Amino acid sequence: MAVPRCACPKAPRAACRGDRTPGPGVGAVNERGVRVRVTFIDSKGVARTIEVAPGASVMEAALAQKIPEVQSDCGGACTCAMCHVVVDDAWAGSFAAVCGNEASLLSLLEAPPAHSRLSCQLRLTAEMDGLIIHTLEQGDGP
Ligand code: FES
C-alpha cells in the first residue's frame, strides 16, 4: 500500500526532518485550562482515555500516561518508528500529510493499515478533543 506523500509547498526534507521541537510539556491542561482528551484503543480493543495539554505530540502524551503499545527509541526524532499508530478514520484528515522521514519509515511496512502514522509527528491541538488513536501490538513496526 502506498503511503500518501506530503503535499506541502516546502521541500519535504525541510518540512519533515523529524519534529525535535519539544512540546510545552505533557500536563493535563495548558495555561488557559485547555485540554485535549485522547482515547487510545489497543490491539485487544481496550480503550484508555487521557487528558493532555495541546501542543504535545501523541507519542509524548502516550508515553507520559504509560499507554501500552506506544514506545519511542529516538525520543521523537522520527527515526525509530516504534511510535507507529493508526489514526481513527474519523480523525484521519486532522493532521498534516505524511512526508519526509515519516513517509520513508512507513514505506518499510509490508501492509500498513490505512491512516498509519508515527505518533511523534502528530501534534495535538485544542480542536482535537475526542481524538481516537489505535495502537498496534508490539512488533508491528518496520
Ligand atoms: S518516536 Fe521514534 S519515530 Fe516516533
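Residues numbered from 1 in each chain as written. Predicted model: local features only at pLDDT ≥ 70, side-chain atom pairs only at ≥ 80, totals over all residues.

*Asks:* Hey, could you run me through the overall build of the protein chain in this one?
*Replies:* Each helix and strand in the protein chain was counted, giving 3 helices and 5 strands. Scanning the protein chain from its N terminus toward the C terminus, one meets helices and strands in the order α-β-β-α-β-α-β-β. Per-residue burial over the protein chain gives 33% buried out of 142 residues. (Helix = DSSP H or I, 4+ residues; strand = E, 2+ residues; numbered from the N terminus. Buried ≥ 20, exposed ≤ 12 C-beta atoms within 10 Å, placed from the backbone.)

*Asks:* Teacher, can you tell me more about the sheet that holds strand 5 (residues 131–135) here?
*Replies:* In any sheet, the strands associate via hydrogen bonds between backbone groups, in a parallel or an antiparallel arrangement. The sheet built from 5 strands is open, its strands ordered 2-1-5-3-4 with mixed pairing. Here the strands that pair on one side only, and so sit at the sheet edges, are strand 2 (47–52) and strand 4 (116–118). When strand polarity is set aside, the average angle formed by the axes of neighbouring strands in this sheet is 35 degrees. With 4 bridges joining them, strand 1 (residues 36–41) and strand 5 adopt parallel strand pairing. Note that in strand 5 the partner of T39 across the bridge is I132. (Pairing = 2+ DSSP bridges. Axes fitted to C-alpha atoms, helices over the stretch in contact; angles between N-to-C directions.)

*Asks:* Is there a simple way to explain the nonpolar core in this structure?
*Replies:* Side chains of a nonpolar character, in soluble globular proteins, are inclined to be buried together. By size, the foremost hydrophobic cluster in this structure holds 29 residues, and its most contacted members are V38, V58 and A62. Taken together, the elements giving at least two residues each to this core come down to strand 1, helix 2 (58–64), strand 3 (84–87), helix 3 (100–106) and strand 5. It is helix 2 that provides the largest number of residues to this core, a total of 5 residues. (Core = buried A, V, L, I, M, F, W, Y, C linked by C-beta atoms within 7 Å.)

*Asks:* What is the right way to look at the environment of S57 in this model?
*Replies:* The topology assignment puts S57 in the loop between strand 2 and helix 2. Between the C-alpha atoms of S57 and L124, which are 67 residues apart in sequence, the distance is 5.7 Å.

*Asks:* How do you make sense of the pairing of strand 2 when you look at a structure like this?
*Replies:* The side chains of a regular strand alternate between both faces of the sheet. Here strand 1 runs beside strand 2; their pairing, made up of 6 bridges, is antiparallel. Note on strand 2: the bridge partner recorded for I41 is A47.

*Asks:* Would you explain the confidence of the model for the protein chain in this entry?
*Replies:* Segments scoring low in pLDDT should not have their predicted coordinates read at a detailed level. Across the protein chain, the average pLDDT comes to 83, with 75% of residues at or above 70. Looking across the protein chain, the model is least confident in helix 1 (residues 12–15), with a mean pLDDT of 39, and most confident in strand 5, with 98. In this model, residues 1–5 is a region of pLDDT below 50 whose contacts with residues beyond four sequence positions or in other chains number 11 contacts. Scored below 50 in pLDDT, residues 7–22 makes 30 contacts in the model with residues more than four places away or belonging to other chains. (pLDDT = per-residue confidence, 0-100. Contact = placed C-beta atoms within 7 Å.)

*Asks:* Help me understand the pairing of strand 3, please; the structure alone is not making it clear to me.
*Replies:* Going residue by residue along strand 3, you find H84 and V86 tucked away on one face and V85 and V87 tucked away on the opposite face as well. As defined by bridge partners, strand 3 adjoins strand 4 across 3 bridges and the pair is classed as antiparallel. By the bridge assignment for strand 4, H84 is matched with L118. With 3 bridges connecting them, strand 3 and strand 5 associate as antiparallel partners. When the bridges of strand 5 are listed, V85 appears paired with T135.

*Asks:* Sorry, what's going on with unusual backbone geometry here?
*Replies:* Negative phi characterises most residues that are not glycine, and trans characterises most peptide bonds. Its identity as a non-glycine residue notwithstanding, C78 has a phi of 65 degrees, on the positive side. Within the secondary structure layout, C78 lies in the loop between helix 2 and strand 3. Phi is positive for H115, which is not a glycine, with a value near 70 degrees. Residue class for H115 comes out partly exposed when judged on the 19 C-beta atoms lying within 10 Å of it.

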